[in-house]
2 protein chains.
Amino acid sequence: MPDPLYRQIAEKLQRMIESGVLPPGAKLPTEPELTRVYKASRNTIRQAVRWLTNRGLVQTRLGQGTYVVQRARPFLTTLSADPDTGLGGGEGEAYREEVRAQGRDPFAPPPRVEIRQATGVIAEELGVPDGSSVVARRQQRYIDEAAFSLQTSYYPMSLVDAGAERLMDAGSIEPGAVHYLREVLGFRQARYRDRITVRAPRAEEAGFFKLPDNGRVSVFETFRTAYDGAGKPFRLTVTVFPADRNQFVVFAGEVPADARKALTAVAASATGNARPNDA
Amino acid sequence: MPDPLYRQIAEKLQRMIESGVLPPGAKLPTEPELTRVYKASRNTIRQAVRWLTNRGLVQTRLGQGTYVVQRARPFLTTLSADPDTGLGGGEGEAYREEVRAQGRDPFAPPPRVEIRQATGVIAEELGVPDGSSVVARRQQRYIDEAAFSLQTSYYPMSLVDAGAERLMDAGSIEPGAVHYLREVLGFRQARYRDRITVRAPRAEEAGFFKLPDNGRVSVFETFRTAYDGAGKPFRLTVTVFPADRNQFVVFAGEVPADARKALTAVAASATGNARPNDA
DNA sequence: GCAAATTTGTTCGTATGTATT
DNA sequence: CAATACATACGAACAAATTTG
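Residues numbered from 1 in each chain as written. Chains lettered and ligands numbered in written order. Predicted model: local features only at pLDDT ≥ 70, side-chain atom pairs only at ≥ 80, totals over all residues. Heavy atoms only, no water.

### A few points about the protein's contact with DNA strand D
Then comes step 1: Near DNA strand D you find 24 residues, and of these A:Arg42, A:Arg46, B:Leu5, B:Asn43 and B:Thr44 are the closest.
Then comes step 2: Sugar and phosphate atoms constitute 64% of the interface atoms of DNA strand D, taking the interface as everything within 4 Å of the protein.
Then comes step 3: Elements with a contribution of two residues or more to the surface near DNA strand D: α3 (42-54), β1 (58-61) and β2 (65-68) of chain A together with α1 (5-18) and α3 (42-54) of chain B.
Then comes step 4: Broken down by element, the surface near DNA strand D gets its largest block of residues, four residues, from α3(B). (Near = heavy atom within 4 Å. Helix = DSSP H or I, 4+ residues; strand = E, 2+ residues; numbered from the N terminus.)

In structure tokens:
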């Protein structure tokens, strides 16, 4: 039995998009036009377009039309520690350097600082009792004016008691909290564990990242637990990145310098074109 | 101006799901029932349910009903090299060990082996001319009888010429291709670069992993380029994992043994409950 | 094993609302 | 303000898959 009508129409449009007949940014015919071309009711046409929307191929704009999506240039975050600085990617100074190295423009407003009760994952990862107080430093980051990540770092209150008072400063800690903790408490970074997950965005996240409200684009959520010299966790950093414009890189062992650069070119070659897993 | 009716209905159902009134696995009322309860047409009810479906909260089954989704226990793959064996996660022997370490049951049928022409990413990453021949070894992997990953490793034909003839064997190379290359050509693993991306599944992948056909669940696609002692790439491994049941872990520096174990508990604590990024 | 009932899926038609040009 | 374009909502009929009797 053939596919339902709306699928047939959707697949025809999909082929036009993937073959380049409808290039990124192009406007699809309007619903009444498609109704005439494919001799289907408007509801069926709308169902076909919705199918494309759910797959992230097109995007509809009320009052304007339906357009083939333009993929943003992906940004690469290195998770493994830098062999020179010993810093992991995505945080403070390391973030700004990595953005500039990719020829792009970083911006981060001062963090919001709050005192919260540790619960669930936060308490477990920091090894503090459930309900005890932690400092939460919440940071928004932009690249080329576009929202790029939402990061919250949690520190046990015991660090503040031990002398790291500036953790509770409302402004930025320059050149970075990692650096500050090393100076004040002697903690060396480059001992951490990252966990990388993917999930649907929450409403606030969808708003901040300007994601389509159909739940189509998911977000990466990374959990970084950092340990001090004695192996005790002293920091948990949770970061959310939109999955449609972010990728991660991990280096193991001594990887040639060539392979560390010019990665952006490979990353940008849309996975939609190269299909290394086809049969 | 309030939300449209279908959204109001969807959000009421969403609250029932998230508050536990409708626990995972529960059956939602049928469409005719919802029609009566919310005094909306069947089409509007269906739109509300579709909204929940697009967010991955429920799943409809033709002829049966609509059910609250049950999240599978996530599986963790370690990307950074094992400090003892020097092996990266997700490949050959390392895969089986990691699965058993998490108390689960690995299964992998023998790989399919093909000769292909290198194009795009494959040629670039392996540093071979576009169009030259490569050996592709394609492997399906299961955990607890469920499809878990689809992996293809590419090797330049020059390795076969240099003596690694078994790369073209149809069956498995025990205890693993990495081990074999070290024996025959002296390549040491533990020099590689991983790139982690997320995208919509292709039709074959959705079929193999039994993903819902609405494009809701996306897949991780990881690209691992391995380098020999001279810094020349000798292998590219592309792996696809369903994002709804997989997570990744990266260790940097000497992380305490405690933090390497008991990770599964933290990972399983559904991100749907703990909301570390809320305002 | 078959038929009926139940439940979601597809397709049409129609009317009205809202945002953009 | 008018025309265009997508969004919401209702009603109706039949199809396909599953469960029940």
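### Regarding the relation of the copies chain B and chain A
Then comes step 1: For the match of chain B to chain A, the screw axis carries a shift of 0.0 Å, the RMSD comes to 0.1 Å, and the turn is 180°. These values place the two chain copies in the arrangement generated by a two-fold rotation axis. Among all C-alpha atoms of chain B, that of B:Arg216 lies closest to the rotation axis, at 3.4 Å.
Then comes step 2: A high fraction, 100%, of the interface residues of chain B reappear at the interface in chain A, so the copies pair face to face through one surface. (Least-squares fit on C-alpha atoms with pLDDT ≥ 70 in both. Contact = heavy atoms within 4.5 Å.)

### Regarding the protein's contact with DNA strand C
Then comes step 1: Near DNA strand C lie 23 residues; those nearest to it are A:Leu5, A:Asn43, A:Thr44, B:Arg42 and B:Thr60.
Then comes step 2: Considering DNA strand C, the proportion of its atoms within 4 Å of the protein that are sugar or phosphate atoms stands at 64%.
Then comes step 3: With respect to DNA strand C, the backbone of A:Ser41 contributes an N or O atom lying 3.0 Å from a phosphate oxygen.
Then comes step 4: At 2.7 Å, a side-chain N or O of B:Arg42 approaches a base nitrogen of DNA strand C.
Then comes step 5: Taken together, the elements giving at least two residues each to the surface near DNA strand C come down to α1 (5-18) and α3 of chain A together with α3, β1 (58-61) and β2 (65-68) of chain B.
Then comes step 6: Ranked by residues supplied to the surface near DNA strand C, first place goes to α3(A) with four residues.
Then comes step 7: Residues belonging to the surface near DNA strand C are distributed by class as follows: six nonpolar, 12 polar and five charged. (Polar contact = N/O pair within 3.5 Å; in protein donor to acceptor, adjacent residues only side chain to side chain. Nonpolar A, V, L, I, M, F, W, Y, C, P; charged D, E, K, R; others polar.)

### Description of unusual backbone geometry
Then comes step 1: Of note in this structure, A:Glu145 is not a glycine but carries a positive phi near 70°.
Then comes step 2: Its location among the elements puts A:Glu145 in the loop between β6 (133-143) and β7 (146-156).
Then comes step 3: Here the phi dihedral of B:Lys210 falls at roughly 55°; this positive angle occurs in a residue that is not glycine.
Then comes step 4: When you line up the elements, B:Lys210 lands in the loop between α8 (203-208) and β9 (219-227).
Then comes step 5: A relative accessible area of 73% means that B:Lys210 is categorised as exposed. (Buried < 20%, exposed > 50% of the residue type's maximum accessible area, 1.4 Å probe, protein only.)

### Focus on the pattern of salt bridges
Then comes step 1: Enumeration over the complete set of coordinates arrives at 27 salt bridges over all chains.
Then comes step 2: Between B:Arg7 and A:Asp213 there is a salt bridge, with its nearest N and O atoms 3.8 Å apart. Taken together, the positions of B:Arg7 in helix α1 and A:Asp213 in the loop between α8 (203-208) and β9 (219-227) put the pair across two chains.
Then comes step 3: A relative accessible area of 18% means that B:Arg7 is categorised as buried.
Then comes step 4: Classification of A:Asp213 by relative accessible area gives exposed; the value is 55%.
Then comes step 5: Residues B:Glu11 and B:Arg7 are paired through a salt bridge, measuring 3.4 Å at the closest nitrogen-oxygen approach. (Salt bridge = Lys/Arg side-chain N within 4 Å of Asp/Glu carboxyl O.)

### Description of the side chain of A:Asp194
Then comes step 1: Looking at the element boundaries, A:Asp194 is found in strand β8 (residues 192-199).
Then comes step 2: Using a relative accessible area of 2% as the deciding quantity, one classes A:Asp194 as buried.
Then comes step 3: Only 2.7 Å separates the side chain of A:Asp194 from the side chain of A:Arg224, close enough to count as a polar contact.
Then comes step 4: Discounting chain neighbours no more than four positions away, the residues touching A:Asp194 are A:Leu79, A:Phe223, A:Arg224, B:Phe248, B:Val249 and B:Val250.

### Examining the environment of B:Asn54
Then comes step 1: One can find B:Asn54 in helix α3.
Then comes step 2: Taking C-alpha positions, B:Asn54 is 8.5 Å from B:Gly215, a pair spaced 161 residues apart along the chain.

### Structural notes on the interface of chain B and chain A
Then comes step 1: Chain B puts 67 residues into the contact, and the matching count from chain A is 67 residues.
Then comes step 2: Between chain B and chain A, a total of about 5,600 Å² is buried, with carbon and sulfur atoms accounting for 51% of that surface.
Then comes step 3: Our count for the chain B to chain A interface comes out at two salt bridges.
Then comes step 4: For the pair chain B and chain A, the number of links is 11 residue pairs in polar contact (both at pLDDT 80 or more).
Then comes step 5: Residue contributions to the side of chain B that touches chain A peak at eight residues, all from strand β8 (residues 192-199) of chain B.
Then comes step 6: Note that β8(A) and strand β11 (residues 246-252) of chain B share five bridges and pair antiparallel. Counterpart to A:Asp194 in the pairing with β11(B) is B:Val250. (Buried area = accessible area lost by both parts, 1.4 Å probe. Pairing = 2+ DSSP bridges.)

### Remarks on the nonpolar core
Then comes step 1: A:Ile196, A:Phe220, B:Ile196 and B:Phe220 are the most contacted members of the largest nonpolar core, which has 26 residues in total.
Then comes step 2: Broken down by secondary-structure element, the contributors of at least two residues to this core are α4 (92-101), β8 and β11 (246-252) of chain A together with α4 (92-101), β8 and β11 of chain B. (Core = buried A, V, L, I, M, F, W, Y, C linked by side-chain atoms within 4.5 Å.)

### Looking at the confidence of the model for chain A
All names here are of chain A.
Then comes step 1: A residue-level look at chain A finds 91% of positions with pLDDT of 70 or above and a mean pLDDT of 87.
Then comes step 2: β2 holds the highest mean pLDDT among the elements of chain A, 98, whereas helix α10 (residues 263-268) holds the lowest, 72.
Then comes step 3: Below a pLDDT of 50 lies the segment residues 271-279, which in the model reaches 28 contacts outside its immediate sequence neighbourhood of four places, other chains included. (pLDDT = per-residue confidence, 0-100.)

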